[in-house]
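If you want the building blocks of each chain, they are given just below.
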Amino acid sequence: MAAPTVCTTPVCLEAASTMLSQMALNWEKIDPCTDFEQMMCHRFPLLNEPDMSPFRKLGPRHKRVLEGILQGSYQEAISEQLVSWTSTFPTNAADEANFNMIKRAYAACMDTDTIEKAGTKPLVDLIASVNSLWPINTGDLKSKVTKADHAGLADVMSFLEELGISTFQKMDVSNNPWDPTLKTIYMTAPPPLKDNVTEYQDPEAMLAYANSTSQMLAQYLPGNATAEMVATIAEDVVALDVAIAGVAVANVPVPNSIEGAYNLTLKEAADFYGLDKVVKSLAPEYNQPIIVMPKQILANFSEIIASHPKVALQAYLLVRAIHTLSIEVDSTASGNGKSRSDHCLAHLTHDLRHILGRFFVASTYPDSTRKLAGEVANNIRSELKTRISQLTWMSDDAKTRAAKKVDNMVQSLGYYSSPTLDLKSPESLASYYKTLNITANYFDNVLAKRLHQLSQQMAATSKPADRLFTISGGDAAWEINAAYAPFENTITLSSGMFQSPLFSDQLPGYVSYSTLGGVVGHEIVHGFDSAGRLWNENAQPFPWWDNKTVAAYEERAQCFVKQYSEFTYPITGGKTANTDGEQTLGENISDAGGLQLAFKAWKKTQEGKKDASLPGLEKFTHEQLFFMFFASGWCNSYTPKHNEESFATDVHAHDSQRIMGTTANSRAFREAFNCKVKEPACEIF
Ligand SMILES: O=C(O)C(=O)C[C@]1(C(=O)O)C=C[C@@H](O)C=C1
């Protein structure tokens, strides 16, 4: 084999220098087998803002790309793009009209003078029309709801739910676990109005809450209620919200599980405060049962609705609408205390994300990168099948079915290209958005896009399930995220992740296959982690492995629980906290399996050919570089405060442990660095 060349292109120089700059200056004195994170990441916090990681660093860059697109003309957007517009992304009148729609949406949102001039009037008018559906009688603060009120209650709930505003329930659409060819309406408890639910236990916080609710209602409540009446109603609204939050907190659905799910027919729904009417108004053609998670909330909410004053229920529904929409009449509103542009990008990230996503993809995600992402994913899937066939702990039947699950997995790498929506096609986008009218009026646009999003979601229930397309939860193309969906057996990774210096077809394979290959592998292995393995090859939550295989799996999983429970991370006050090995189990299994498979897949690409070397890194073997680039992608500069706020509840282990745990579980890593013990600490795949 010819000696490898050294890659000195700008992309290669950036990748090599980024990694070298993060390494400890005295790295030669550090033992990679025991202190790999120190060796690879020691200088990362010195070079970066607090609470940064290589993935997070991509965020501001993407934001500038999006702003550039939205501030320029269509001609500018399609010139100087990375993707060949004429072949992959055809340009035509439909494309230009789509582009102009997002520009209009962004411009209306940025026009703070007009928003300020309109003041709260648009929301006051909206609340008045909601109230007219089931009018509040301020002369009667005591009466309870009777059957005669159910029509009015259903009308208000329908009006708000059509805008995607939860009322006494939250409605979503997702794949049906019993019949994966269907999309079905799911009903869960609404999220509590207070983000910090501990405040519901705090009398002082509740007093302040009643005061702010009273002020809010005084501004929005139609009619001529006195200050005293408004204060009484506000207190009742708070008492109602406390009861609702109690139900919500006690019935949080278990993620990626159908524990407690109940199929409620529309006939049965008629027994519950007009729920059948709400479903019919959201999805007139709908005739399947809805899935209630869990059944208990139906009884809880019936009881709450029957026992609280009618006026409190009416005012509570108005408060939910004000709570969701008041930010939209505030010209000073900005995204998380940042700029108005952040707020407006968030506005576009909602329903309108696909058109902007198309233009983002064209400027940051060349076809050649997408092709490489496809190869990486296919090679890793093939390695997983090989690995499954070699496992000693799995029965033959479980192996056959697990291999089928890998075959059945559907992947979306970068952006949507599915029957519902194909970002490559201007006509597909135009058709998806054909009922959406975006004007120069920001508040009207907010309502229009909310109605559009909900109607698309509901429309999906009358079509064959498009497994790749999720209307409510799908990431925008520019987001830095990836996911596995057990209900659909799909992996989706946004193009925002496949970016240099982490990933590019212009980089040696050991760079692209390491951090990002590891993420692709991680998503694939999620299908077989402690939660994913409960779903069979057809994405159904039925037992499909024999007891012996399950027991062997669980025994191996316990090794991960123990291993990660021993890790600690710094928190405030100079203390440390222990990682929760149970809480992070699925992620840790996926990290371990993902990296193993990515390594094997990369090694296969080296048969008969060798990756180029990188300047300054010639002294390392490519196997070592594979793991060095992996670690380098997970360096971080998190503050103790960030650790405390994030990792107590995060299902992921701390990034430093994702380096240390994953490499401890990798035989290939131990061989590459010639560690004394070659045996992985824990291993499932
Ligand atoms: O699949 C998951 O569990 C993910 O959260 C994907 C994941 C991660 O593994 O942390 C991948 C990379 C991004 O930076 C963020 C999220």
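Residues numbered from 1 in each chain as written. Predicted model: local features only at pLDDT ≥ 70, side-chain atom pairs only at ≥ 80, totals over all residues. Heavy atoms only, no water.

Within an unreviewed UniProt entry, the label attached to the chain reads Prephenate dehydratase domain-containing protein, and the organism entered is Immersiella caudata.

Caption draft 1: The arrangement of the overall build of the chain in detail. A count of helical and extended segments in the chain gives 29 helices and 9 strands. For 685 residues, the compact-globule estimate of 2.2 N^0.38 gives 26 Å, and the chain sits close to it at 27 Å. Taken over the C-alpha atoms alone, the chain extends approximately 90 × 60 × 55 Å along its principal axes. Split into buried and exposed, the 685 residues of the chain put 55% on the buried side. A separation of at least 24 residues holds for 75% of the contacts in the chain among residues at least 6 apart in sequence. When the accessible surface of the chain is totalled, it reaches about 28,200 Å², and 53% of it is carbon and sulfur. (Helix = DSSP H or I, 4+ residues; strand = E, 2+ residues; numbered from the N terminus. Rg over C-alpha atoms; globule rule 2.2 N^0.38 Å. Buried < 20%, exposed > 50% of the residue type's maximum accessible area, 1.4 Å probe, protein only. Contact = heavy atoms within 4.5 Å. Areas by Shrake-Rupley, 256 points an atom, 1.4 Å probe, with all protein chains shown as cover.)

Caption draft 2: Structural detail: the site of the ligand. Close to the ligand lie 13 residues, the nearest being Glu523, His526, Glu587, His652 and Arg658. In the environment of the ligand, an oxygen atom lies 3.3 Å from a nitrogen or oxygen atom belonging to the side chain of His522. Between Arg658 and the ligand, the recorded distance is 2.8 Å, taken from a side-chain N or O atom to an oxygen atom. About the coverage of the ligand: the protein hides 84% of its 370 Å² of free accessible area. Among the elements that take part in the shell around the ligand, helix α23 (residues 515–526) stands out by supplying 4 residues, more than any other. (Near = heavy atom within 4 Å. Polar contact = N/O pair within 3.5 Å; in protein donor to acceptor, adjacent residues only side chain to side chain.)

Caption draft 3: View of empty space enclosed by the protein. This structure, assessed with the given rule, holds 3 cavities of 30 Å³ or more. Size it by volume and the largest cavity reaches roughly 60 Å³. Around the largest cavity sit Thr515, Gly518, Val519, His522, Asp591, Leu595, Phe630, Trp634, Arg658 and Thr662, which together line it. Taken together, the elements giving at least two residues each to the lining of the largest cavity come down to α23, α25 (585–605) and α28 (655–664). A per-element tally of the lining of the largest cavity places α23 first, with 4 residues. (1 Å grid on protein atoms, 1.4 Å probe; cavity = no way out; pocket = protein on both sides within 12 Å on 5 of 7 lines; lining within 4 Å. Points joined across faces, edges and corners; volume = space filled by probe spheres on them.)

Caption draft 4: The domain arrangement of the chain, seen in detail. For the chain, the assigned domains read domain 1 (1–22 + 367–416 + 474–685) and domain 2 (120–330). Taken together, the 9 residues of domain 1 in the interface contact 10 residues of domain 2. Around 820 Å² of area is buried between domain 1 and domain 2 when both sides are counted, 62% of it from carbon and sulfur atoms. Considering only the side of domain 1, the residues that lose the most area to domain 2 are Phe487, Glu488 and Pro541, jointly responsible for 53% of the buried surface there. At the junction of domain 1 and domain 2, the tally comes to 0 salt bridges. (Domains from an automatic or database assignment. Buried area = accessible area lost by both parts, 1.4 Å probe. Salt bridge = Lys/Arg side-chain N within 4 Å of Asp/Glu carboxyl O.)

Caption draft 5: Looking closely at the nonpolar core. Counting residues in hydrophobic clusters, the biggest one holds 207 residues, and the most contacted among them are Phe36 and Phe627. When residues are assigned to domains, this core turns out to be shared by domain 1 (1–22 + 367–416 + 474–685) and domain 2 (120–330), each giving three or more. Ranked by size, the runner-up nonpolar core spans 6 residues in total, among them Tyr186, Ile258, Phe487 and Trp535. (Core = buried A, V, L, I, M, F, W, Y, C linked by side-chain atoms within 4.5 Å.)

Caption draft 6: Just the sheet that holds strand β2 (residues 183–188), in detail. Here we have 4 strands laid out as an open sheet, ordered β1-β2-β4-β3, and mixed in their pairing. The strands lining the two open edges of the sheet, one partner per strand, are β1 (170–175) and β3 (262–264). Across the sheet, the mean angle from the axis of one strand to that of its neighbour is 35°, orientation sign disregarded. The sheet contact formed by β2 and strand β4 (residues 290–292) spans 2 bridges and is parallel. Among the inter-strand pairings, Met187 is bridged to a residue of β4, identified as Val292. Packing against the sheet, helix α14 (residues 296–307) makes contact with β2, β3 and β4, and its axis sits at approximately 50° to β2. (Pairing = 2+ DSSP bridges. Axes fitted to C-alpha atoms, helices over the stretch in contact; angles between N-to-C directions.)

Caption draft 7: Geometry of the packing of α25 against helix α26 (residues 622–633). With their axes 12 Å apart at the nearest point, α25 and α26 run at an angle of 140° to one another. Taken together, α25 and α26 sit at an angle that is classed as oblique. Where α25 crosses over α26, the two elements pack in a sense that is right-handed. Residues Leu595, Ala598, Phe599, Trp602 and Lys603 of α25 form the contact with α26, whose participating residues are His622, Glu623, Phe626, Phe627 and Phe630. (Parallel < 35°, antiparallel > 145°, perpendicular 65-115°, else oblique. Left-handed = near helix turned anticlockwise from the far one by under 90°.)

Caption draft 8: Region of interest: helix α27 (residues 640–647). Within the span of α27, buried status applies to His642, Asn643 and Phe647. The arc enclosing the buried residues of α27, seen along the axis, measures out at 100°, which places them on a common side. In α27, the exposed residues that point more than 90 degrees away from the buried face are Lys641 and Glu645. Check the buried side of α27 and you find it contacts α4 (54–71), β8 (568–570) and α28. (Arc of directions from axis to C-beta.)

Caption draft 9: Structural context of the side chain of Thr579. With respect to the secondary-structure elements, Thr579 resides in the loop between β9 (576–578) and α25. A polar atom in the side chain of Thr579 sits 2.7 Å from the side chain of Gln657.

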